[in-house]
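Here's the letter readout for the chains.
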Amino acid sequence: MKIGIVGSGAMGSGIAQVLATAGNEVLLYDSNPIAVEKAGQKLEVQFQKLAEKGKLTYEEAETYFDNIRLSDQLSELKDSELIIEAIIEDLEIKKDLFQKLENLVSENCILTTNTSSLSVASIASACQKPERVIGIHFFNPAPLMSLVEIIPAVQTDKDLVSKTKNLVESWKKIPVIAKDTPGFIVNRVARPFYGEAIRILEEGIADCATIDFAMTSLGGFKMGPFQLMDFIGHDVNYRVTESIFKEFFYDPKFKPSFTQKRLFEAGYFGRKSGKGFYDYGRNAEQPKPNENLELLESIFKRILVMLMNEAADAYFLNIASAEDIDLAMTKGVNYPKGLLKWADEFGLENLEKELDQLYNFYHEDRYRCSPIIRNLVKQNRKFY
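Residues numbered from 1 in each chain as written. Predicted model: local features only at pLDDT ≥ 70, side-chain atom pairs only at ≥ 80, totals over all residues. Heavy atoms only, no water.

Undergrad: How would you sum up the UniProt feature "domain: 3-hydroxyacyl-CoA dehydrogenase C-terminal" (unreviewed entry) in the chain? Please name residues and give values.
TA: What UniProt calls "domain: 3-hydroxyacyl-CoA dehydrogenase C-terminal" (unreviewed entry) maps, in this numbering, to residues 183-280 and 300-381. Along residues 183-280 one finds 58% helix and 0% strand; the C-alpha atoms at either end are 29 Å apart. Between the C-alpha atoms that bound residues 300-381 the distance is 25 Å, and the span itself is 72% helix and 0% strand. (UniProt positions renumbered as here; feature names shortened; annotations may be inferred. Helix = DSSP H or I, 4+ residues; strand = E, 2+ residues; numbered from the N terminus.)

Right under this line is the structure:
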């Protein structure tokens, strides 16, 4: 299949690697000729490394790299059967691009966006044939992360959803289908992992190292929330939180924190800038966590119940099926368990009680228990 990718940054290049490895003819386009040339060089090195590690033969590495063409001319995308847009998260810039692409490609070309938080319906509205537009959201780094969220817009042709799912599976990725709402599944459901951790920090209950240790040692998470925010970068993570808060009509449960906003404003983006919640300077001493078990358990439980509640709410509002929500969190952000399965194990009565205790103490809407949890408790049922 002839596939065009718009944007040669880390995400666009990663997607190009995935599609070329799956045997597609890929055209990687960027309006910046220097950027696209650098992307090509990095891809060549990447395929070479995979061959050196024995993950590919040298012949395969060469074949897959040869499946990728580079271009800084938009017109060269004209023969594409599918286009994946992976540019800056700016709605007006994306809409302008989709208008240009529609005038360029054939009527049968599928137009997709890799947006992580913008409305697919808004992007599709720029097209004369919005029914051919759909969201295909990869996770970074695309070659390593197996999950892809498929997001049909209200305008998307129904047949295109199953066709897209089949395509994603042919790329050896795991597709989940999500409703076109802010953050889709992963970026919505994961918000409390960051937000509640920051809240615990702001209240002075524990420091970053202790909160991270609670989530990794007791929860089995690969990284704690502050380690992960520093790894993602506050220029990305804070902006997503702010965008989701705004797009959800300022629902208080998605409210950003001043603590992270100040890091963002100061340019303390985390690992990439050398400083975030932690100091990554050469001689920086890393703080030691408080290993008091009672404290660690209270931190872990508070963040976990907020995560399970958000997953439950996403299911309650038909954002996705229970199976797809759990699959999204285990494959998209490497959670140790699916949150709805975890909620069943935790006990829905216990979950309702913990959330009500938080709400009764704080009287803040962010701690409201999802109605589906109350319904299932009343009916003595579970998610599974």
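Read on, since the account is not over.
Undergrad: An account of the environment of G23 is needed here, citing residue identities and associated values.
TA: Tracing the backbone shows G23 in the loop between α1 (10-21) and β2 (25-29). On the basis of relative accessible area, G23 is assigned to the partly exposed category, the value being 48%. (Buried < 20%, exposed > 50% of the residue type's maximum accessible area, 1.4 Å probe, protein only.)

Undergrad: So what's going on with the domain arrangement of the chain? Residues and values would help.
TA: Think of interface size as the accessible area that goes away when the parts come together; that is how it is often given. Assigned domains within the chain: domain 1 (2-177) and domain 2 (186-379). Put simply, the middle of domain 1 and the middle of domain 2, counted by C-alpha atoms, are 30 Å apart. Across the contact, 11 residues belong to domain 1 and 12 residues belong to domain 2. Interface area for domain 1 against domain 2, summed over the two sides, is near 950 Å², with a carbon-plus-sulfur share of 59%. Between the two partners, domain 1 and domain 2, sit 0 salt bridges. Elements with a contribution of two residues or more to the side of domain 1 that touches domain 2: β7 (147-152) and β8 (174-177). Top element by residues in the side of domain 1 that touches domain 2 is β8. It accounts for 3 residues. Here the side of domain 1 that touches domain 2 is built from residues that sort into 6 nonpolar, 4 polar and 1 charged. (Domains from an automatic or database assignment. Contact = heavy atoms within 4.5 Å. Buried area = accessible area lost by both parts, 1.4 Å probe. Salt bridge = Lys/Arg side-chain N within 4 Å of Asp/Glu carboxyl O. Nonpolar A, V, L, I, M, F, W, Y, C, P; charged D, E, K, R; others polar.)

Undergrad: Describe the UniProt feature "domain: 3-hydroxyacyl-CoA dehydrogenase NAD binding" (unreviewed entry) in the chain, and please don't skip the residues or the numbers.
TA: As recorded in UniProt, the sites labelled "domain: 3-hydroxyacyl-CoA dehydrogenase NAD binding" (unreviewed entry) are residues 2-181. Secondary structure within residues 2-181 divides into 41% helix and 21% strand; the distance between the first and last C-alpha atoms comes to 30 Å.

Undergrad: Quick one: what's the story with the packing of aromatic side chains, residue by residue and with numbers?
TA: The full count for this structure, using the stated rule, is 17 aromatic pairs. A centroid spacing of 5.8 Å and a plane angle of 45° characterise the contact between F193 and Y335, whose relative ring orientation is tilted. Taken as a pair, F193 in helix α8 (residues 191-202) and Y335 in the loop between α14 (322-332) and α15 (339-346) lie far apart in primary sequence, 142 residues in all. On the accessibility criterion, F193 (1% relative accessible area) is buried. By way of ring pairs, the aromatic residues F193, Y194, F221, F300, Y335 and W342 are connected into one cluster. The ring of Y384 is capped by K341, whose NZ or CZ atom sits 4.9 Å from the centre of that ring. (Phe/Tyr/Trp six-rings, centres within 6.5 Å; stacked < 30°, edge-to-face > 60°. Lys NZ or Arg CZ within 6 Å of the ring centre and 35° of its normal.)

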